[in-house]
Amino acid sequence: MCGISAYIGYRKAYPIVINGLKRLEYRGYDSAGVMIFDGENMHLSKTKGKVSHLEEIIKSKPKSKVGNIGMGHTRWATHGVPNDVNSHPHFSQSGDLVLVHNGIIENYDTIKKELISRGYSFKSDTDTEVLVNLIEEVKLTEGCKLGKAVQLALTNVVGAYAIAVFDKNRPNEIIVARLGSPIAIGVGKDNKEFFVASDASPFVEYTKDAIYLEDEEMAIIRVGKGVKVHKIMDDALVQPEIQKLQMSLDQIEKGGFDHFMLKEIYEQPKAITDTFRGRMLLEEKIIKMSSIETYLDKFLNANRIIIVACGTSWHAGLVGEYLFEDLARIPVEVEYASEFRYRNPIITNKDVVIAISQSGETADTLAAIKLAKSMGAFVYGICNVVGSSIARETHSGAYTHAGPEIGVASTKAFTTQITVLTLIALKLGQAKGSIPQHNFENYLEKMQLIPKQVEELLQIDEKVKEIASVYKDAKNCLYLGRGFNFPVALEGALKLKEISYIHAEGYPAAEMKHGPIALIDENMPIFVIATNKGHYEKVVSNIQEIKSRAGKIIAIVTEGDVTVKEIADHYIEVPDTEEALTPLLTTIPLQLLSYHIAVMLGKNVDQPRNLAKSVTVE
Ligand code: M6R
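Counting of residues starts from 1 at the beginning of each chain's written sequence and follows it residue by residue. Where local features are concerned, this predicted model is filtered to residues with pLDDT of at least 70; where side-chain atom pairs are given and counted, the filter is 80 or more; whole-chain, interface and lining totals use all residues. As a rule here, side-chain values cover all heavy atoms of the structure and leave hydrogens and water aside.

Can you help me understand the overall build of the protein chain in this one?
Strands here mean DSSP runs of E at least two residues long; helices mean DSSP runs of H or I at least four residues long; both are numbered from the N terminus. A tally of helices and strands in the protein chain yields 20 helices and 27 strands. In terms of overall dimensions, the protein chain is globule-like: its C-alpha atoms have a radius of gyration of 26 Å, near the 25 Å expected for 618 residues. Along the longest, intermediate and shortest principal axes, the C-alpha atoms of the protein chain span 80 × 55 × 45 Å. In this scheme, a residue with accessible area under 20% of its type's maximum is buried, one over 50% is exposed, and one in between is partly exposed, where area comes from a 1.4 Å probe on protein chains only. Scored against the burial criterion, the 618 residues of the protein chain give a buried share of 59%. Whether two residues touch is decided by their heavy atoms; if any such pair falls within 4.5 Å, the residues are in contact. Sequence separation of 24 or more characterises 71% of the internal contacts of the protein chain that already satisfy a separation of 6 or more. The Shrake-Rupley method, run with a 1.4 Å probe, gives the accessible areas here. Residue values count only the displayed protein chains as cover. For the protein chain, the computed accessible surface area is about 23400 Å², with 49% contributed by carbon and sulfur atoms. As defined in this context, the radius of gyration uses C-alpha atoms, and a globule is described by 2.2 Å times the residue total to the power 0.38.

Structure follows, in structure tokens:
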């Protein structure tokens, strides 16, 4: 959480830093701040609220925009309420150093007390102000340069951080460091300029050369000289790897859509195609995934697969459970990463752990991976963000090729995660012989049709909007599904609650009569996934039970359905496919529905309150 954007070079820093913050606002938007150095003075502007508010404030301070060095921050509050004072950047006591930080310094209180005893005083309640003063204290007591002071100070710090630090007495350098929170360095031509950011989006139009720091590394960035990377623990030099960015500017802009979420919903046909392209080979009748092939024995001989993830990725993991057990006949457990990591799980080297994460930075998922590895498990990652911490921490893995997902509510990440899980389940099923070859080929053909079917489904947007207008004022909603579509019900409920703030719960349809049925009356909308395969008749019975208690039914049915259409108050049709593939279709109208309800209620769809895209704290 929190976004860092900084620049040092020959261009005007302010527009680069502020636009960078706008692109990183998905990481947190409790407050924003920027420091611009004009060659002599550091100009600080910061405020509670969004980057647009900060921009308004700076409009009346033209001097605060002049300079070729700048550092900005958009905050998701941890220590200290979101107010102007707690906003970043933070100065050291002397006013010489300035620092922005993403993460949590766990031992900040002990350090703060020690610094107070040495005469320091603090303006804010943040752990970040403690860190910048610790660096200053080390610099003064050791009589060293900023780089050395940062390295020594960080050896005393417990927690997680990505930081950027600037010393006005050394105006051609910025120091950055990371432990547990991401930081990327954009390298300009001939080392004449450098960009620092939580991800590469703020500098993609200026350079395609990026260095991603590893955990426990720091970098001294010097204009005209280059980037020196050191290990924080022992100061050893590391050769930095410069990666070529694949990201383009139009991928991170709205492209004519009102919101990123809507754009990302509409990108799903392409995202799913990109995810199976080159992997699903129809002519050869195989699935080609070297990340699985190299470790095929691990999967085939596994006692079980344990899937760890959070939020929407956890819902994709639940779909994975149905896929792996049904198609590959391998037992699966799906765990919340946050529970798994703290419940002393029994893991052996016969277990395969699959970690799913869009961002590849989720702290709990990362910790679950480290734990599983330490207990001997083979760990496979499914991530969207290339080069992310989880992608690097796992033994092997596959990327979803969804492209950058900027809306805080996950959409295309979910369907592409399910796509990867389907490919793996089919591949393992074929290798094990648990899927007859003609069924396997049928799946490939049906999978190939999915992007087109999603495209068709997106055309029902107007109908979904009408349904949204009927139910937008509901206070509570239920989402029901069975089998492969039970996780889709959970995901539908999560989408609604996170962007519209309407209370919503997902349930396996049959569980309804064990409690939630008590909630049903004429004011309760119930979204039921009732596709024609699997447990159709059973779901129809559940719908009847709801109708006899006056509940309102909005059903997702297969094209050509007769029975449910007659009973339901509203229905949305999805194209026919194999039951195991239905989540890729049934989830689309539920995403659109949440989107339209949130828009109608005037909510901030892309940046819902209290949330952040990348949850890098526990
Ligand atoms: O980046 P990750 O997939 O690891 O993120 C996990 C959750 O934080 C994320 O899915 C969250 O639940 C989204 N807001 C859901 O829309």
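Where do I start with the domain arrangement of the protein chain in this structure?
For an interface, size is often stated in terms of accessible area lost upon the parts coming together. Split into domains, the protein chain comes out as domain 1 (3-251), domain 2 (254-455) and domain 3 (460-608). Of note, the centres of domain 1 and domain 3, computed from C-alpha atoms alone, are 45 Å apart. Here the limits of each domain have been adopted from an automatic or database domain assignment.

Sorry, what's going on with the nonpolar core here?
For soluble globular proteins, the rule of thumb is that nonpolar side chains tend to be buried together. Ranked by internal contacts, the top residues of the largest apolar core, which has 86 residues, are Phe-324, Ile-354, Tyr-380 and Tyr-479. Mapped onto the domain boundaries, this core takes at least three residues apiece from domain 2 (254-455) and domain 3 (460-608). When sequence neighbours within four positions are dropped, the list of residues in contact with Tyr-479 reads Ala-489, Gly-492, Ala-493, Leu-496, Ala-504, Glu-505, Gly-506, Tyr-507, Phe-527, Leu-590 and Leu-593. With 29 residues, the next largest nonpolar core counts Tyr-120, Val-157, Tyr-161 and Ile-175 among its residues. Note on terminology: a nonpolar core comprises buried Ala, Val, Leu, Ile, Met, Phe, Trp, Tyr and Cys residues joined through side-chain atoms within 4.5 Å.

Help me understand the pairing of strand β24 (residues 503-508), please; the structure alone is not making it clear to me.
For a regular strand, the rule is simple: side chains alternate between the two faces of the sheet. Here, strands pair whenever DSSP counts at least two bridges between them. Bridging between strand β23 (residues 476-481) and β24 involves six bridges; their strand directions are parallel. Across the sheet, the residue bridging to Asn-476 is His-503, located in β24. When the strands point away from the viewer, a crossover counts as right-handed if the path from the first strand over the helix to the second runs clockwise. Handedness of the crossover joining β23 and β24 through helix α17 (residues 486-500) is recorded here as right-handed.

Hey, could you run me through the site of the ligand in this one?
Nearness is judged by heavy atoms alone; a residue qualifies as near a molecule or strand once a single heavy atom is within 4 Å of it. What surrounds the ligand is a group of 15 residues, the closest being Ser-313, Ser-357, Ser-359, Thr-362 and Glu-498. Within the side chain of Ser-357, an N or O atom sits 2.6 Å from an oxygen atom of the ligand. Two N or O atoms count as a polar contact when they lie within 3.5 Å, although within protein this holds only if one can serve as hydrogen donor and the other as acceptor, and sequence-adjacent residues are included solely when both atoms are side-chain atoms. In this structure, Ser-410 approaches the ligand through a main-chain N or O atom, which is 2.8 Å from an oxygen atom. Here the ligand has 410 Å² of accessible area as a free molecule, and 91% of this is covered by the chains. Every element with two or more residues in the shell around the ligand is listed here: α10 (311-328) and α17.

When you look at the environment of Phe-122 in this model, what are you seeing that I'm missing?
With respect to the helices and strands, the residue Phe-122 is situated in the loop between α3 (108-117) and α4 (127-142). Between the C-alpha atoms of Phe-122 and Ser-92, which are 30 residues apart in sequence, the distance is 9.2 Å.

Teacher, can you tell me more about unusual backbone geometry here?
Leave glycine aside and you will find that most residues have negative phi; peptide bonds, for their part, are mostly trans. The linkage connecting His-88 with the following residue, Pro-89, adopts the cis geometry, with an omega of 0°. Along the chain, the position of Pro-89 falls in the loop between β4 (69-75) and β5 (90-91). At Asp-190, a position not held by glycine, the phi torsion is positive, near 55°. Within the secondary structure layout, Asp-190 lies in the loop between β9 (184-187) and β10 (194-197).

I would appreciate a short explanation of the packing of aromatic side chains in the present structure.
Each aromatic pair joins two rings of Phe, Tyr and Trp (for Trp, the six-membered one) with centres within 6.5 Å, and gets the label stacked for planes under 30 degrees apart, edge-to-face for over 60, and tilted for any other angle. Tallying each qualifying case throughout the model produces 12 aromatic pairs. The interplanar angle of 75° and the centroid separation of 6.4 Å between the aromatic rings of Tyr-471 and Phe-527 together place this pair among those described as edge-to-face. Linking Tyr-471 in helix α16 (residues 461-471) with Phe-527 in strand β25 (residues 525-530), this pair joins segments that are 56 residues apart in sequence. Looking at Phe-527, the relative accessible area reads 2%, which means it is buried.

Just checking my understanding: could you explain the sheet that holds strand β20 (residues 351-357) for this structure?
Paired through their backbone hydrogen bonds, the strands of a sheet run either parallel or antiparallel. Overall, parallel pairing links the five strands, which are arranged β19-β18-β20-β21-β22 in an open sheet. Among the strands making up the open sheet, the edge pair consists of β19 (332-336) and β22 (396-399). Each strand of the sheet is rotated relative to its neighbour by a mean of 20°, with strand direction disregarded. Both β20 and strand β21 (residues 378-383) contribute to a ladder of six bridges, which runs parallel. The partner of Val-353 across the bridge, within β21, is Val-379. Together, β18 (304-309), β19 and β20 form the strand contacts of α10, whose direction differs from that of β19 by roughly 175°. For helices, the fitted axis covers only the stretch in contact; all axes are lines through C-alpha atoms, and the angles between them, taken along N-to-C directions, range from 0 to 180 degrees.

In this structure, what is going on with the pairing of β9? I would like to understand it.
The side-chain alternation of β9 yields two buried faces, one formed by Ala-184 and Gly-186 and the other by Ile-185 and Val-187. Summarising the sheet, β9 and β10 pair through four bridges and their orientation is antiparallel. Following the sheet pairing, Ala-184 is matched in β10 by Ala-197. Hairpin remark: β9 followed by β10, antiparallel, with six residues in the connecting loop; positive phi at Asp-190, about 55°.

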